[in-house]
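Close look at the chain arrangement
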Amino acid sequence: MNDSSVLQVEKFAEGYAVLTLNRPAAMNALSRQLREALAQRIDELEADEQTRVLILTGAGKAFCAGHDLKEMQAGRQAEDGGRAYFHDLFQRCARMMLSIRRLPQPV
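Heads up: these notes are all about the structure in this document. Everything numeric here is computed off the predicted structure, so don't read it as measured data.

With that out of the way, let us pick up the sheet that holds strand 3 (residues 53-58). One open sheet holds the three strands; their spatial order is 1-2-3, and the pairing between them is mixed. Where the open sheet ends on each side, the last strands, each with one partner, are strand 1 (7-11) and strand 3. Pairs of neighbouring strands in the sheet enclose a mean axial angle of 15°, with direction left out of account. Here strand 1 runs beside strand 2 (residues 16-21); their pairing, made up of five bridges, is antiparallel.

For the rest of this paragraph, the subject is the packing of helix 1 (residues 32-46) against helix 3 (residues 83-102). As a packed pair, helix 1 and helix 3 sit with axes 10 Å apart at the nearest point and diverge in direction by 35°. Considering how the two elements wind past one another, helix 1 and helix 3 form a crossing that is left-handed. Between helix 1 and helix 3, the residues in contact are Arg32, Arg35, Leu38, Ala39, Ile42 and Asp43 and Asp88, Leu89, Arg92, Cys93, Met96, Ser99 and Ile100, respectively. Along the lines of polarity and charge, the residues of the contact of helix 1 with helix 3 split into seven nonpolar, one polar and five charged.

A few words now on the nonpolar core. Ranked by size, the top nonpolar core spans 15 residues in total, and within it Leu19, Leu38, Ile42 and Met96 carry the most contacts. Secondary structure elements with two or more residues in this core: strand 2, helix 1 and helix 3. When residues in this core are grouped by element, the largest group, four residues, is from helix 1.

Reading the values: the criteria
- Residues numbered from 1 in each chain as written.
- Predicted model: local features only at pLDDT ≥ 70, side-chain atom pairs only at ≥ 80, totals over all residues.
- Heavy atoms only, no water.
- Pairing = 2+ DSSP bridges.
- Helix = DSSP H or I, 4+ residues; strand = E, 2+ residues; numbered from the N terminus.
- Axes fitted to C-alpha atoms, helices over the stretch in contact; angles between N-to-C directions.
- Left-handed = near helix turned anticlockwise from the far one by under 90°.
- Contact = heavy atoms within 4.5 Å.
- Nonpolar A, V, L, I, M, F, W, Y, C, P; charged D, E, K, R; others polar.
- Core = buried A, V, L, I, M, F, W, Y, C linked by side-chain atoms within 4.5 Å.
- Buried < 20%, exposed > 50% of the residue type's maximum accessible area, 1.4 Å probe, protein only.

Take a look at the structure:
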């Protein structure tokens, strides 16, 4: 497990994996880096026949505060008021959430 990572990944011989959102100081808010890491690991787990169950959790006192509002505020500074930024953000987030639902393993 890499403690400096925004997403900790543990796989166990018993057939389960634990993904831990690891931004406790930000209440595990979904930054771009965390969303991308989570989406990548979910895609990998979908094809992993050795993993039969996925546990998704958060480090610290919160599971996940939602979107990273500081990052979103920076996105509003674009010339179009952030319209393209927010469209892309919500599309990527929706794809990631749907990929969790489509996993063959219980979550």
